[in-house]
Amino acid sequence: MPQPKSDPKPKTRAAAAGAGPLAGLKGPIVLVGAGKMGGALLDGWLRLGLDPRKIVVLEPHPSADVAAQAIAGLRLNPDPAGLKPEAVVLAVKPQTAPEALPPLAPLAGHGGVMISIMAGRTLGFLTQVFGPGTAAVRAMPNTPAAIGRGMTVAVANAAVTAAGRTLAQNLLGATGKVDWVAEEDLIDAVTAVSGSGPAYVFLLAESLARAGVAAGLPPDLARKIARETVAGAGELLYRSPLDAATLRKNVTSPGGTTAAALDVLMAADGLDPLLEKAIAAATKRSRELAG
Ligand SMILES: NC(=O)c1ccc[n+]([C@@H]2O[C@H](COP(=O)([O-])OP(=O)(O)OC[C@H]3O[C@@H](n4cnc5c(N)ncnc54)[C@H](O)[C@@H]3O)[C@@H](O)[C@H]2O)c1
């Protein structure tokens, strides 16, 4: 069996400082909304050695971590007038955007790039708010960003220069992998698959535990083995050069227990049609959130 890839060592702030992809930024980088996803991006930038003095955070309810960074020089809720950002990362809820973003329109127009991670909100919405000709990137990350293992897919409008795209790549890449697509329409399906995807995997852990209890296991044991199984299988999938189907076949002895379960899960009314329905619902919702 091919050997698994070794896990890359996490980048430390000290090792990356001065040498990482964010080291040469002039700044400021403005983060609008430092909740779960904005906070994960901020952590990633700091981990890569971005000088907190080059970061501005606009956040009405800053976490203790963000407030602590203000002591290290990060600017928290300054008057946005007069800022000339190199990039603005928009991480407020899509439903909040029509109220929250128009007052920030003066942040555009200084050659910076506007990077939105808001579900549904389109490049067209961004140029409507920040003005025609605004360099805009629409990106969809996911919550494993919090441990540097996120997956982001992004699309840029025609006003984004090669340098702007590299900057966006480096800012988004601080939390994991980044892929780019040319067609904005794909981002709604990306949102359904990888943006929302971690929730489906966590549901699998919950559901597997419930099924274990139904099969007679004590709840604590069922939760523990379901969690470890999902986490261990995810880690194997991450490290192994083998594809998911081969890893699945490696578990499945002919005529054995796995085959009995897969006969149910892979039946015509099994997991595929269910997930197809779920992804279609999420894709539709992403399109509705465009506004
Ligand atoms: N959570 C996810 O799995 C996920 C994944 C991909 C993309 N997203 C997108 O990321 C964005 C943020 O989602 P989240 O899960 O981090 O939500 P969140 O609620 O944790 O964060 C949103 C933050 O915005 C702040 N905020 C509200 N009004 C503001 C204003 N006027 N100015 C500045 N900040 C303001 C809130 O205080 C909050 O901290 C959303 O647009 C969402 O679609 C989320």
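Residues numbered from 1 in each chain as written. Predicted model: local features only at pLDDT ≥ 70, side-chain atom pairs only at ≥ 80, totals over all residues. Heavy atoms only, no water.

**Examining the UniProt feature "domain: Pyrroline-5-carboxylate reductase dimerisation" (unreviewed entry) in the protein chain**
Then, in step 1: Per the UniProt record, "domain: Pyrroline-5-carboxylate reductase dimerisation" (unreviewed entry) is found at residues 184-289.
Then, in step 2: Its end C-alpha atoms 14 Å apart, residues 184-289 is made of 79% helix and 0% strand. (UniProt positions renumbered as here; feature names shortened; annotations may be inferred. Helix = DSSP H or I, 4+ residues; strand = E, 2+ residues; numbered from the N terminus.)

**Comments concerning the UniProt feature "domain: Pyrroline-5-carboxylate reductase catalytic N-terminal" (unreviewed entry) in the protein chain**
Then, in step 1: According to UniProt, the positions carrying the feature "domain: Pyrroline-5-carboxylate reductase catalytic N-terminal" (unreviewed entry) are residues 29-120.
Then, in step 2: What you have in residues 29-120 is 26% helix and 20% strand, and the ends, taken at the C-alpha atoms, are 23 Å apart.

**Some words on the site of the ligand**
Then, in step 1: The environment of the ligand is formed by 21 residues, the closest being Lys36, Met37, Glu59, Val92 and Ala119.
Then, in step 2: With respect to the ligand, the backbone of methionine 37 contributes an N or O atom lying 2.8 Å from an oxygen atom.
Then, in step 3: A distance of 2.6 Å separates an oxygen atom of the ligand from a polar backbone atom of valine 92.
Then, in step 4: Against a free-state accessible area of 820 Å², the protein chains account for coverage of 78% of the ligand.
Then, in step 5: Using a 2 Å cut-off from the grid points, one finds that the ligand occupies the second largest pocket. (Near = heavy atom within 4 Å. Polar contact = N/O pair within 3.5 Å; in protein donor to acceptor, adjacent residues only side chain to side chain. Areas by Shrake-Rupley, 256 points an atom, 1.4 Å probe, with all protein chains shown as cover. 1 Å grid on protein atoms, 1.4 Å probe; cavity = no way out; pocket = protein on both sides within 12 Å on 5 of 7 lines; lining within 4 Å. Sits in = over half its atoms within 2 Å of the grid points.)

**Considering the packing of helix α7 (residues 186-195) against helix α8 (residues 197-214)**
Then, in step 1: Interhelical geometry of α7 versus α8 gives an angle of 30 degrees and a closest axis separation of 5 Å. Between α7 and α8, the interaxial angle falls into the category roughly parallel. In this structure, α7 uses Ala192, Val193, Ser194 and Gly195 to contact α8, whose residues at the interface are Gly197, Pro198 and Tyr200.
Then, in step 2: For the contact of α7 with α8, the per-class residue count stands at four nonpolar, three polar and no charged. (Axes fitted to C-alpha atoms, helices over the stretch in contact; angles between N-to-C directions. Parallel < 35°, antiparallel > 145°, perpendicular 65-115°, else oblique. Contact = heavy atoms within 4.5 Å. Nonpolar A, V, L, I, M, F, W, Y, C, P; charged D, E, K, R; others polar.)

**A closer look at the pairing of strand β5 (residues 113-116)**
Then, in step 1: Across the two faces of β5 the burial is the same, with Val113 and Ile115 and Met114 and Ser116 all buried.
Then, in step 2: Note that strand β4 (residues 87-90) and β5 share four bridges and pair parallel. Across the sheet, the residue bridging to valine 89 is isoleucine 115, located in β5.
Then, in step 3: Here β5 pairs with strand β6 (residues 135-140) via four bridges, running parallel. Across the sheet, residue valine 113 finds its bridge partner in β6, namely alanine 135.
Then, in step 4: Once you follow β5 into helix α5 (residues 123-130) and on to β6, the crossover reads as right-handed. (Buried < 20%, exposed > 50% of the residue type's maximum accessible area, 1.4 Å probe, protein only. Pairing = 2+ DSSP bridges. Right-handed = clockwise from strand over helix to strand, strands pointing away.)

**Considering the pattern of salt bridges**
Then, in step 1: Within the structure shown, the criterion is met by nine salt bridges.
Then, in step 2: One salt bridge in this structure joins lysine 284 and glutamate 288, with 3.0 Å as the shortest N-O distance. Linking lysine 284 with glutamate 288, this pair stays in helix α12 (residues 271-288), spanning four residues, or about one helical turn. (Salt bridge = Lys/Arg side-chain N within 4 Å of Asp/Glu carboxyl O.)

**Comments concerning the side chain of arginine 138**
Then, in step 1: Mapping arginine 138 onto the fold places it in strand β6.
Then, in step 2: Among the polar contacts listed, one links the side chain of arginine 138 to the side chain of glutamate 184, at a separation of 2.8 Å.
Then, in step 3: Polar contacts involving the side chain of arginine 138 include one to the side chain of aspartate 188, which spans 3.0 Å.
Then, in step 4: Not counting chain neighbours up to four residues away, the residues in contact with arginine 138 comprise Ser116, Gly120, Arg121, Thr122, Leu123, Val153, Ala154, Val155, Glu184, Ile187, Asp188 and Ser286.

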